[in-house]
Amino acid sequence: MSVPRYWREIRYRYRLIGERCADCGALFFPRRGACPQCGSKNLEECKLSERGTVASWTVIRNPPRDYGKYSPYVVALVELDDGVRVLSQVVDVEPDEMKTGMRVEATFRRVKEDGSSGLIEYGYKFRPIIG
């Protein structure tokens, strides 16, 4: 990825921003060049809900090389309150505490460190809603 494109795309890495089709009303994430429902290119940027429910989840025990120190960790399919589904890591919860139907909210966290350069990448993850 080019440096200008990286900086242009950065707001989408840090926020849950999807698109809504102005023709059929479909809401989706991540952003695409055309509506997955009707094929229209008449799309509007849309801030997505930051709360949702765990639809399905798994525990990663044998992660890719760059994520070894985070193992084990939970990855879940979260259905946001606006109906969009997002795949994301769930933090602040032990794997044996996870359950389908758990209410979660988006949070801003460290995603990884880039090898020898030490560049830290941040992004959204989800955490259980307490209370």
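Anyway, here's the lowdown on the structure attached to this text. (Residues numbered from 1 in each chain as written. Predicted model: local features only at pLDDT ≥ 70, side-chain atom pairs only at ≥ 80, totals over all residues. Heavy atoms only, no water.)

### Considering the nonpolar core
Right, on to step 1. Counting residues in hydrophobic clusters, the biggest one holds 19 residues, and the most contacted among them are L16, F29, L80, V86, M98 and F126.
Right, on to step 2. Among the secondary structure elements, those contributing two or more residues to this core are β4 (51-60), β5 (73-80), β6 (85-90), β7 (103-114) and β8 (119-128).
Right, on to step 3. Among the elements that make up this core, the one with the highest residue count is β5 (four residues).
Right, on to step 4. Not counting residues up to four positions away in its chain, the partners in contact with L80 are L48, S49, R51, G52, V86 and F126. (Core = buried A, V, L, I, M, F, W, Y, C linked by side-chain atoms within 4.5 Å. Buried < 20%, exposed > 50% of the residue type's maximum accessible area, 1.4 Å probe, protein only. Helix = DSSP H or I, 4+ residues; strand = E, 2+ residues; numbered from the N terminus. Contact = heavy atoms within 4.5 Å.)

### A closer look at the sheet that holds strand β2 (residues 27-28)
The strands making up a sheet are joined through hydrogen bonds of the backbone, oriented either antiparallel or parallel.
Right, on to step 1. If you walk across this open sheet you meet the three strands as β2-β1-β3, and the pairing is antiparallel. With partners counted over all chains shown, the strands left at the sheet margins are β2 and β3 (43-47), one partner each.
Right, on to step 2. Here five bridges tie strand β1 (residues 17-21) to β3, and the two strands are oriented antiparallel to one another. Looking at the pairing, G18 lines up with C46 of β3. (Pairing = 2+ DSSP bridges.)

### What to know about the pairing of β5
Right, on to step 1. Looking at chain direction, β4 and β5 are connected through eight bridges and run antiparallel. Paired with T58 across the strands is V75, a residue of β5.
Right, on to step 2. Pairing between β5 and β6: six bridges, direction antiparallel. Along β6, the bridge assignment pairs A76 with S88.
Right, on to step 3. Here β5 folds back onto β6 in antiparallel fashion, the turn holding four residues, of which G83 has a positive phi close to 95°.

### Some words on a nonpolar patch on the surface
Right, on to step 1. A cluster of nonpolar side chains, F108, I120 and Y122, forms an exposed patch at the surface whose accessible area comes to about 270 Å².
Right, on to step 2. Relative to the helices and strands, F108 is located in strand β7.
Right, on to step 3. A residue is classified by how much of its surface remains accessible, and F108, at 48% relative accessible area, is partly exposed. (Patch = residues over 30% accessible without salt bridge, like charges linked within 9 Å, V, L, I, M, F, W, Y side chains within 5 Å. Areas by Shrake-Rupley, 256 points an atom, 1.4 Å probe, with all protein chains shown as cover. Salt bridge = Lys/Arg side-chain N within 4 Å of Asp/Glu carboxyl O.)

### Let's talk about the packing of aromatic side chains
Right, on to step 1. Evaluation of the coordinates by the stated rule reveals one aromatic pair.
Right, on to step 2. Their ring planes at 65° and their centres at 6.2 Å tell us that F29 and Y124 sit as a pair that is edge-to-face. In this pair, F29 sits in the loop between β2 and β3 while Y124 sits in strand β8, placing the two residues 95 residues apart along the sequence. Y124 carries the same exposure label as F29, and that label is buried.
Right, on to step 3. It is K125 that lies over the ring of Y70; its NZ or CZ is 6.0 Å from the centre. (Phe/Tyr/Trp six-rings, centres within 6.5 Å; stacked < 30°, edge-to-face > 60°. Lys NZ or Arg CZ within 6 Å of the ring centre and 35° of its normal.)

### As for the pattern of salt bridges
Right, on to step 1. Under the criterion given, the structure shown has six salt bridges.
Right, on to step 2. Between E50 and K47 there is a salt bridge, with its nearest N and O atoms 2.7 Å apart.
Right, on to step 3. By relative accessible area, which is 41% here, E50 ends up partly exposed.
Right, on to step 4. Relative accessible area serves as the criterion here: at 43%, K47 is assigned to the partly exposed category.
Right, on to step 5. Here D92 and R109 are joined by a salt bridge, their closest N and O atoms 2.7 Å apart. Here the residue D92 occupies a position in the loop between β6 and β7, and R109 occupies one in strand β7, the gap between them amounting to 17 residues.
Right, on to step 6. The exposure class of R109 is partly exposed, given its relative accessible area of 24%.

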